[in-house]
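# Secondary and tertiary structure notes
So you can see what is in the structure, the chains are spelled out below.
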Amino acid sequence: MSKNVFPPLTALLGRSIRQLCILPLRYWALISAMYAVLALWVSPLISRLLLLSIHLAGLETLTDRTMHGLFTSPISLLILALTFFLISAATLLSFATLLVIADLQFTAQPASLATVAKRLLRLAKKSYRPGAHLVSAQLALLAPLVGYTLFAPVTGNFGIPPFIGREYMKKPMSALLLIAVAAIIIAIIYLSILTLPFALVRNQPLRHGFVDGMRAIKAGGIRLLLAFAVAALGAIVVSRGGAWLLGFAVDALNASFEHTEAAVTAANLIFAFLALATAQGFAFLFVGEARIFYKMPFVSRHLPGSSAARSPLARGRDARTVLTSAVVLAVVCGTGAVITPAATATPVPSPTATASSDASHALVIGHRGYDSGGVENTLSGLEAAKTMKTDLVEADFQQTADGDFVASHDTNLLVLAGKSENIFDMTTKEVTETIVTMKGNSDTIPTMAQYVTRARTIGMPLLIELKVTGHEKPGFVEEFLAELDAVDGFDGNIFHSLNPDAVEHIKTLRPELRVGLTIGLLYGSLPTTLCDFYVIEQASLTTEMIDAAHEQGKDVYSWTVNGDLSMRALLRSGVDGIVTDKPDLAQAARDELSPEPEYVDGDVRTKLLLGSRSHQP
């Protein structure tokens, strides 16, 4: 296949956009119904199955510390397999439906839901083999890791927690490694996305579609990647631009009318339609690439005199089909919402909801100091946080080979110091003589006593984390408390740890201290650890968790939150503190949110913009 088989990039994009604009309404009704069922029935069912597998494994809740227990129970593994099958089938069905509609539209076949069903059955008979689950796994599980959620309707919220990316972005070499891994994942995803349309248009097995997709990439060269990149950029602009415009429209209506519930609902529906249109547009793009590669003809619906020409507006039988679909959709959505409520939720409140706590009183906590003014967990970073007027500074401490505690998050010093040595193998003198660099700043690693003493001198309260690496000496918790006691390190400071045993040990030895449990990954209910507050990674935090903690009289802090939209959403949800690398941004967001409003300008915009990040290429 020669490289000149592909037409100019603009020709394919233009053809895809034209076909999207004249897509019959009955197809839009089918797509909407399908995604509504996935959102209101399938996604909650998947959540319930996951919770069931957790409980049958004898776990109270699923965290990064208890995840291994999930794989020790045969019945839990069976339910997880069933859950994966459900995710796989839903992902394949939704993507294949979009592709079938695109192919029918390109060939000007009559708009018929029965025709779509027949094509799907034919594709299933030919392509639904064990290999199909590999394709769906890449779309449903692998793609969200790099932010590509367009064809992952039931797993769009799955992804790598933001704090992991932050750790790799500390230094150029680790950042390049992260980018390289992401590029490999994107290449795999692109191949998996092309596999299904190349199998569809020729009604061939997936393995043949995969091979032909590889051949098409080789023949099309950079042009195919450029087509994808241009379309993706356009989709992001439309999605985020639409979110801004819809949010501003609701804010404008709020200035003129007392109640804006209808406008909020309309804005959410319009945004959902934009997401569906974007997915269908990409389906046109992929099917078009496949038809061009195979030299299969296109039939245009909009050419004058064409026997296939028709109005995109529904009339007669089309109108009845759409009306029937709307009634069925309403019944399905209503019963799904009542019978199968979602087990989890995003940390975005309703625009008219009252926050569970006063957003203006939420704490702004500098993450490891302020790393734009000094290296994290050093005295310079601490002093830089003081100039930013943070309410507290979060700092990490771990034990050295000779039993002392030093300020450091990283156990291995390769990233910050350029030497692959572990702190638990080094003496305190060796650690404190190590120079660490970050963002153009350099400093040495201080001992815990030096750090806490300096914080008290400049009047900066601390959120002190005890890092448990598994290489501590017997009695390390007692030693940790003794070192703090020697420098008067308890007054005004609070404490936390990722290790539940360490949290309970500290709380048992010193019940007067405020001690929190830090959680990197959480699914389900809050752990019943003996603690005074929770510090939960933002990707796992939900409004239900915040409300549950408040019912127990416990605060909830979220880490590490650096995005303005996420800050506003979490503050509006009632979070009690934000651990951030950008304290100035968090302070500005906190100051603009008045306590307990009925409606706040920008809340809808925040919700829609966050949604645009979860439903875009």
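Look above for the structure.
Sequence order as written defines the numbering, with residues in each chain counted from 1. At least 70 in pLDDT is required for a residue's local features to be given in this predicted model, at least 80 for side-chain atom pairs to be given and counted, and no such filter applies to totals for whole chains, interfaces and linings, which use all residues. In computing side-chain values, all of the structure's heavy atoms are included and hydrogens and water are not.

Glancing now at the overall build of the protein. In terms of regular secondary structure, the protein is built from 21 helices and 13 strands. Think of it in three bands: residues with accessible area under 20% of the maximum for their type are buried, residues over 50% are exposed, and the middle band is partly exposed, with areas taken using a 1.4 Å probe on protein chains only. Relative to its full complement of 617 residues, the protein shows a buried share of 52%. Only heavy atoms matter for contacts: two residues are in contact if any of them lie within 4.5 Å across the pair. Partitioning the intrachain contacts of the protein with sequence separation of at least 6 by distance along the chain shows that 69% fall at a separation of at least 24. Computed with the Shrake-Rupley method and a 1.4 Å probe, the accessible areas treat only the protein chains shown as cover for residues. With the model as given, the accessible surface of the protein reaches about 26,700 Å², and the carbon-plus-sulfur share is 64%. Counting from the N terminus, the helices are the DSSP runs of H or I reaching at least four residues and the strands are the DSSP runs of E reaching at least two.

Another point: the packing of helix α5 (residues 130-142) against helix α7 (residues 172-202). When two helices pack together, their arrangement is given by the angle between the helix axes and by the axis-to-axis distance. Relative orientation of the contacting elements α5 and α7 amounts to 130°, with a least axis distance of 9 Å. Relative to α7, α5 is oriented oblique. In this structure, α5 crosses over α7, and the sense of that crossing is left-handed. Seen from α5, the contacting residues are V135, Q138, L139 and L142; seen from α7, they are I185, I188, I189, S192, I193 and T195. Residues of the contact of α5 with α7, tallied by class, amount to seven nonpolar, three polar and no charged. In this analysis, axes come from line fits to C-alpha atoms, helices being fitted only over the stretch in contact, and the angle between any two N-to-C directions falls in the range 0 to 180 degrees. Reported orientations rely on four angle classes, namely roughly parallel under 35 degrees, roughly antiparallel over 145, roughly perpendicular from 65 to 115, and oblique for the rest. In this scheme, a crossing is called left-handed if the near helix is turned counterclockwise away from the far one by less than a right angle; it is called right-handed if the turn is clockwise. Only Asp, Glu, Lys and Arg are considered charged, only Ala, Val, Leu, Ile, Met, Phe, Trp, Tyr, Cys and Pro nonpolar, and every remaining residue, Gly among them, polar.

A few words now on the packing of aromatic side chains. Note on aromatic pairs: the rings of Phe, Tyr and Trp (six-membered ring only in Trp) are paired at centre separations within 6.5 Å, and the planes decide the class, stacked below 30 degrees, edge-to-face beyond 60, tilted for the rest. Scanning the model with the defined rule gives 14 aromatic pairs in all. Considering the side-chain rings of F95 and F151, the 4.4 Å spacing of their centres and the 35° angle between planes classify their relative orientation as tilted. Here F95 is found in helix α3 (residues 74-106), whereas its partner F151 is found in the loop between α5 and α6 (162-168), with 56 residues between them in sequence. Neither F95 nor F151 differs from the other in exposure class; each is buried. Summarising the aromatic geometry, the rings of F282 and F286 are spaced 6.1 Å apart at their centres and angled 40° between planes, so their arrangement reads as tilted. One end of the pair, F282, and the other, F286, are both in helix α10 (residues 261-293), four residues apart, so they sit about a helical turn from each other.

Our next topic: the nonpolar core. Grouped burial of nonpolar side chains is what soluble globular proteins tend to show. To qualify as a nonpolar core, a set must consist of buried Ala, Val, Leu, Ile, Met, Phe, Trp, Tyr and Cys residues joined through side-chain atoms within 4.5 Å. F151, F282 and F286 are the most contacted members of the largest nonpolar core, which has 67 residues in total. Beyond its immediate stretch of four places on either side in the chain, F151 contacts T91, F95, L98, L139, I193, A279, F282, A283 and F286. Listed in part, the 56 residues of the second largest apolar core include Y370, M448, L541 and M567.

Quick look at helix α16 (residues 476-486) now. Buried residues of α16: F476, V477, F480, L481, E483 and L484, and no others. In an axial view of α16, the angular spread of the buried residues amounts to 160°, which keeps them on one side of the axis. Those residues of α16 hidden inside the fold are in contact with β3 (392-399), β4 (405-407), α15 (448-458), β7 (462-466), β8 (494-497) and α17 (500-509). Throughout, the arc means the angular range of directions from the helix axis out to the C-beta atoms.

Our next topic: the side chain of T400. Following the sequence through the fold, T400 ends up in the loop between β3 and β4. When its relative accessible area of 3% is taken as the criterion, T400 is described as buried. Once residues within four sequence positions are removed from consideration, T400 is found in contact with V406, I423, F424, M426, T427, T428, V431 and K473.

For patches, a residue must show more than 30% relative accessible area and have no salt bridge; joins then use 9 Å for like charges and 5 Å for nonpolar side chains, namely Val, Leu, Ile, Met, Phe, Trp and Tyr. Whenever Lys or Arg places a side-chain nitrogen within 4 Å of a carboxyl oxygen from Asp or Glu, that contact is recorded as a salt bridge. Working convention for charge: Lys and Arg count positive, Asp and Glu count negative, and His plus the chain ends are omitted. For the purpose of locating charges, the reference atoms are NZ of Lys, CZ of Arg, CG of Asp and CD of Glu. A contiguous patch of negative charge on the surface is contributed by D402, D404, E421, D425, E430 and E479. Structurally, E430 is set in helix α14 (residues 428-432).

In terms of residue burial, strand β2 (residues 363-367) counts as a mostly covered element, since four of its five residues are buried. Two strands form a pair only when DSSP identifies at least two bridges running between them. When β2 meets strand β13 (residues 577-580), the two strands line up parallel, connected through four bridges. Residue pairing for β13: L363 is matched across the bridge by G577. Sheet topology places β2 next to β3; three bridges connect them, and they run parallel. Pairing of H367 across the sheet is with E394, part of β3. Where the polypeptide runs from β2 across helix α12 (residues 379-387) and back to β3, its parallel neighbour, the crossover connection is right-handed. By definition, the crossover connecting two strands over a helix is right-handed if that path, from the first strand to the second, turns clockwise as seen with the strands pointing away from the viewer.

What follows concerns the pairing of β13. The side-chain alternation of β13 yields two buried faces, one formed by G577 and V579 and the other by I578 and T580. Note that strand β12 (residues 555-559) and β13 share two bridges and pair parallel. Paired with S558 across the bridge in β13 is I578. On the question of chirality, the crossover connecting β12 to the parallel β13 by way of helix α19 (residues 564-573) is right-handed.

Relative to the elements of secondary structure, S136 occurs in helix α5. Among the polar contacts listed, one links the side chain of S136 to the backbone oxygen of H133, at a separation of 2.9 Å. Once residues within four sequence positions are removed from consideration, S136 is found in contact with S88, T91, L92 and L141. In protein, a polar contact requires one atom able to donate a hydrogen and another able to accept it; more generally it is a pair of N or O atoms within 3.5 Å, and residues adjacent in sequence count only if both atoms are side-chain atoms.

This paragraph deals with a nonpolar patch on the surface. Taken together, the side chains of L52, L56, I75 and L78 present a nonpolar region at the surface, about 350 Å² in accessible area. Contributions of two or more residues to the nonpolar patch are made by α2 (25-56) and α3. By secondary structure assignment, the location of L56 is in helix α2.

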